[in-house]
Amino acid sequence: MRMLPMKKLLVSGALALASLGAGVAAIAAGTVEHPPHKHWHFQGPFGTYDRAAAQRGYQIYAEVCAACHSLQLLAYRNLTELGLTESQVKSLIKDIVVPDINDDGQPIERPARLSDRFKKPFPNELAAAAANNGKAPPDLSVIVKARENGPNYIHGLLTGYVPYDKLTPQEIKEFAVTKDDNFNKYFPGHKIAMAPPLADDKVTYADGTKATTDQEASDVVEFLAWASEPHMESRKRTGVRVILFLLAMAGFMYAVKRMVWSDKH
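Worth saying up front: this structure is predicted, and the values here are computed from it rather than measured. (Residues numbered from 1 in each chain as written. Predicted model: local features only at pLDDT ≥ 70, side-chain atom pairs only at ≥ 80, totals over all residues. Heavy atoms only, no water.)

Colleague: Just give me the short version of the nonpolar core, but keep the residues and values in it.
Modeller: It is characteristic of soluble globular proteins that their nonpolar side chains tend to be buried jointly. In this structure, L71, L79 and F223 are the most contacted members of the largest nonpolar core, which totals 43 residues. Of all the elements in the fold, those that place two or more residues in this core are α2 (51-65), α5 (143-146), α6 (150-159) and α8 (213-228). In this view, L71 contacts Y61, F118, D139, L140, S141, F223, L224 and A227; residues no more than four positions away in its chain are not counted. Counting residues in hydrophobic clusters, the runner-up holds five residues, among them L167, F175, V177 and F183. (Core = buried A, V, L, I, M, F, W, Y, C linked by side-chain atoms within 4.5 Å. Buried < 20%, exposed > 50% of the residue type's maximum accessible area, 1.4 Å probe, protein only. Helix = DSSP H or I, 4+ residues; strand = E, 2+ residues; numbered from the N terminus. Contact = heavy atoms within 4.5 Å.)

Colleague: Report on the packing of aromatic side chains, specifying residues and quantitative values.
Modeller: A full pass over the atoms with the stated rule returns nine aromatic pairs. Look at Y61 and F223: their rings are 6.1 Å apart centre to centre, the planes differ by 35 degrees, and that puts the pair in the tilted class. Here Y61, found in helix α2, pairs with F223, found in helix α8; they are 162 residues apart in sequence, far enough to count as distant. We classify Y61 as buried; its relative accessible area is 2%. Residue F223 is classed as buried on the basis of its relative accessible area, which comes to 0%. Taken together, the ring pairs connect Y58, Y61, Y76, F118, F223 and W226 into an aromatic cluster. The aromatic ring of W40 is capped on one face by K38, whose charged end is 5.8 Å from the ring centroid. A cation sits over an aromatic face here: R56 above Y205, 5.7 Å from the ring centre. (Phe/Tyr/Trp six-rings, centres within 6.5 Å; stacked < 30°, edge-to-face > 60°. Lys NZ or Arg CZ within 6 Å of the ring centre and 35° of its normal.)

Colleague: Account for the packing of α6 against α8, naming residues and giving values.
Modeller: Running from amino to carboxyl end, α6 crosses α8 at an angle of 145 degrees, the nearest separation of the two axes being 9 Å. Judged by the twist between their axes, the crossing of α6 over α8 is right-handed. For the pair formed by α6 and α8, the contact residues are P151, I154, H155, L158 and T159 on the first element and T213, D214, A217, S218, V220 and V221 on the second. When grouped by side-chain class, the residues that make up the contact of α6 with α8 number six nonpolar, four polar and one charged. (Axes fitted to C-alpha atoms, helices over the stretch in contact; angles between N-to-C directions. Left-handed = near helix turned anticlockwise from the far one by under 90°. Nonpolar A, V, L, I, M, F, W, Y, C, P; charged D, E, K, R; others polar.)

Given below as structure tokens:
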């Protein structure tokens, strides 16, 4: 009777070790790989957006991402919150035409206005799916919030492509990768429909910043983080003011309590 608990303990330990071994083997095989952590200006209680980086990120979105991905929750006038003037924004969108209805109820296309929302790359989701092998590209308005560890995951996804000739035979066999597939270290299942969107010198930055793949990915993450929460900075400022007020109020109430309960009276 005394040996039964010991047997249960040994069995439990063996199962735990087997599970741990399976987990280690899975990681070694490349089935689990987390993107590297990066420092982002907007994280933390006092974080703010790097507006120069976010402006470059908009350039990446406009020149690379906008062909497939929408930003339905943003209007062009919101770009003024990145430190751009209305004249600068008008210059950025001068070549964009958007669908509209004229006074006779007929469909037309006209130049985009500041009040317009970002132009959709496809008229509807079915058209988007038909143009992308049956899978509509996701809207990017809140993509940083929608993904776990969003900023690092998106940066890792954009920089985590591995060419077919750089894969190991084990990876090719395990994930059934062909030369026509796109292999990404950080995408679940590793095979992703989207071809590598970024490359060194993919764009020519207006401010002269060197356009490496890592720089482009960092900048577009900064822009998409702002797009996901444009009012983050004001929210954090309000939070700091509230905390300072509560601390002052706590100090005042403590002083009143000491005075009321003083032994001098």
